[in-house]
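# What the coordinates show
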Amino acid sequence: RKEVEQDPGPFNVPEGATVAFNCTYSNSASQSFFWYRQDCRKEPKLLMSVYSSGNEDGRFTAQLNRASQYISLLIRDSKLSDSATYLCVVTSSGGSYIPTFGRGTSLIVHP
Amino acid sequence: DTAVSQTPKYLVTQMGNDKSIKCEQNLGHDTMYWYKQDSKKFLKIMFSYNNKELIINETVPNRFSPKSPDKAHLNLHINSLELGDSAVYFCASSRTSGVSYEQYFGPGTRLTVT
């Protein structure tokens, strides 16, 4: 089983739609969770951290379910500019903090 | 000011050559990383340095050698380049002494080996 798994998509949605991505992780000792966004031919950029209680940033909501070992990202009112690849990152601590990236979920928002 | 910078941005070279990629961060972070993103877009960690000491060394050919002269710099030297080394290499940095470990990435170096 891969350490961090994501549905690669693509998710093809119209503007204004709500879309949700999930990411599962295998290491129950994982400590930190993030969503990054990567545009084509660009570097990954932090979108948001994921906290145990769930957190929201504008149209974006992230949630963590430790029991089932997954995190989710919900995007409401999708914009054309949301088109990108969304990377799930899980960091574990075994003496050093090892970040593991998922392969990413591609989102295409069309007019 | 650019937080994490890499040079060069593009690198085209022939098989068998030796090349280096430089990375600098001005965020005051104590941990730096090198990642490789292949043609399938999978981002895989190669190395991590914390306060100039190697803390992560994933399964990477020993042709790849990272060097950290100080906390703000982490360079990657590659010997005897092979076709399979063609990829985008990203440098990143983070703080690992606190609760949050968000990483900040450089713009990437697109390496093409011919």
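You'll find the structure just up there.
Our subject in this report is the structure included herewith. Keep in mind the model is a prediction, meaning the values are calculated, not measured.

This paragraph deals with the overall build of chain B. For chain B, the count of helices and strands is zero helices and eleven strands. Computed over its C-alpha atoms, the radius of gyration of chain B comes to 13 Å, within 12% of the 13 Å expected for a compact globule of 114 residues. Taken along its principal axes, the extent of the C-alpha atoms in chain B is 40 × 30 × 25 Å. Counting the 114 residues in chain B, one finds 46% classified as buried. For chain B, contacts bridging at least 24 residues in sequence account for 54% of all contacts bridging at least 6. In the form shown here, chain B has an accessible surface area of approximately 5700 Å², with 48% of it arising from carbon and sulfur atoms. Counting 13 positive and 11 negative side-chain charges, chain B places the centres of these two groups 5 Å from one another.

Further remarks concern the sheet that holds strand 7 (residues 64–70) of chain B. Residue and element names in this part refer to chain B. Ordered in space as 1-3-8-7, the four strands form an open sheet in which the pairing is antiparallel. The sheet is open, and its two borders are formed by strand 1 (4–7) and strand 7, each paired with just one other strand. Ignoring which end each strand starts from, the neighbouring axes of this sheet average 20° apart. Sheet topology places strand 7 next to strand 8 (residues 73–78); five bridges connect them, and they run antiparallel. Across the sheet, residue Lys67 finds its bridge partner in strand 8, namely Asn75.

Turning our eyes to something else, we now look at the environment of Asn55 of chain A. All names here are of chain A. Assignment of secondary structure puts Asn55 in strand 6 (residues 55–57). Overall, the relative accessible area of 15% leaves Asn55 in the buried class. Placed 18 residues apart in sequence, Asn55 and Leu73 show a C-alpha to C-alpha distance of 9.9 Å. Among all residues touching Asn55, those that are not within four sequence positions of it are Met48, Ser49, Val50, Phe60, Thr61 and Ala62. At 2.6 Å, the side chain of Asn55 forms a polar contact with the backbone oxygen of Ser49.

It is characteristic of soluble globular proteins that their nonpolar side chains tend to be buried jointly. Residues Phe21, Trp35, Ile71, Leu73, Ile75, Tyr86 and Leu107 of chain A are the most contacted members of the largest nonpolar core, which totals 23 residues. At the level of secondary structure, the elements contributing two or more residues to this core comprise strand 3 (19–25), strand 4 (30–38), strand 7 (60–65), strand 8 (70–75), strand 9 (84–93) and strand 11 (105–110) of chain A. Core analysis: the next-biggest nonpolar cluster, separate from the first, contains 20 residues, Ile21, Leu74, Ala87 and Tyr89 of chain B among them.

Omega for the peptide link from Gly9 of chain A to Pro10 of chain A comes to 10°, which places this bond in the cis form. A cis amide bond links Thr7 of chain B to the next residue, Pro8 of chain B, at an omega of -5°. Topologically, Pro8 of chain B is positioned in the loop between strand 1 and strand 2 (10–13). Within the chain, Asp77 of chain A stands out as a residue other than glycine whose phi angle is a positive 50°.

Moving on to the interface of chain B and chain A. A common way to report how large an interface is uses the accessible area buried once the components associate. Counting residues at the interface gives 19 residues for chain B, matched by 18 residues for chain A. Summed over both partners, the interface of chain B with chain A comes to about 1800 Å²; 58% of that surface belongs to carbon and sulfur atoms. Applying the counting rule to chain B against chain A returns zero salt bridges. Elements supplying a minimum of two residues to the side of chain B that touches chain A: strand 4 (31–37), strand 5 (43–50), strand 6 (53–57) and strand 10 (103–105) of chain B. Take the side of chain B that touches chain A: its biggest share by element is three residues, from strand 4 of chain B.

About the criteria used
- Residues numbered from 1 in each chain as written.
- Chains lettered and ligands numbered in written order.
- Predicted model: local features only at pLDDT ≥ 70, side-chain atom pairs only at ≥ 80, totals over all residues.
- Heavy atoms only, no water.
- Helix = DSSP H or I, 4+ residues; strand = E, 2+ residues; numbered from the N terminus.
- Rg over C-alpha atoms; globule rule 2.2 N^0.38 Å.
- Buried < 20%, exposed > 50% of the residue type's maximum accessible area, 1.4 Å probe, protein only.
- Contact = heavy atoms within 4.5 Å.
- Areas by Shrake-Rupley, 256 points an atom, 1.4 Å probe, with all protein chains shown as cover.
- Lys, Arg positive; Asp, Glu negative; His and termini not counted.
- Charge placed at Lys NZ, Arg CZ, Asp CG, Glu CD.
- Pairing = 2+ DSSP bridges.
- Axes fitted to C-alpha atoms, helices over the stretch in contact; angles between N-to-C directions.
- Polar contact = N/O pair within 3.5 Å; in protein donor to acceptor, adjacent residues only side chain to side chain.
- Core = buried A, V, L, I, M, F, W, Y, C linked by side-chain atoms within 4.5 Å.
- Buried area = accessible area lost by both parts, 1.4 Å probe.
- Salt bridge = Lys/Arg side-chain N within 4 Å of Asp/Glu carboxyl O.

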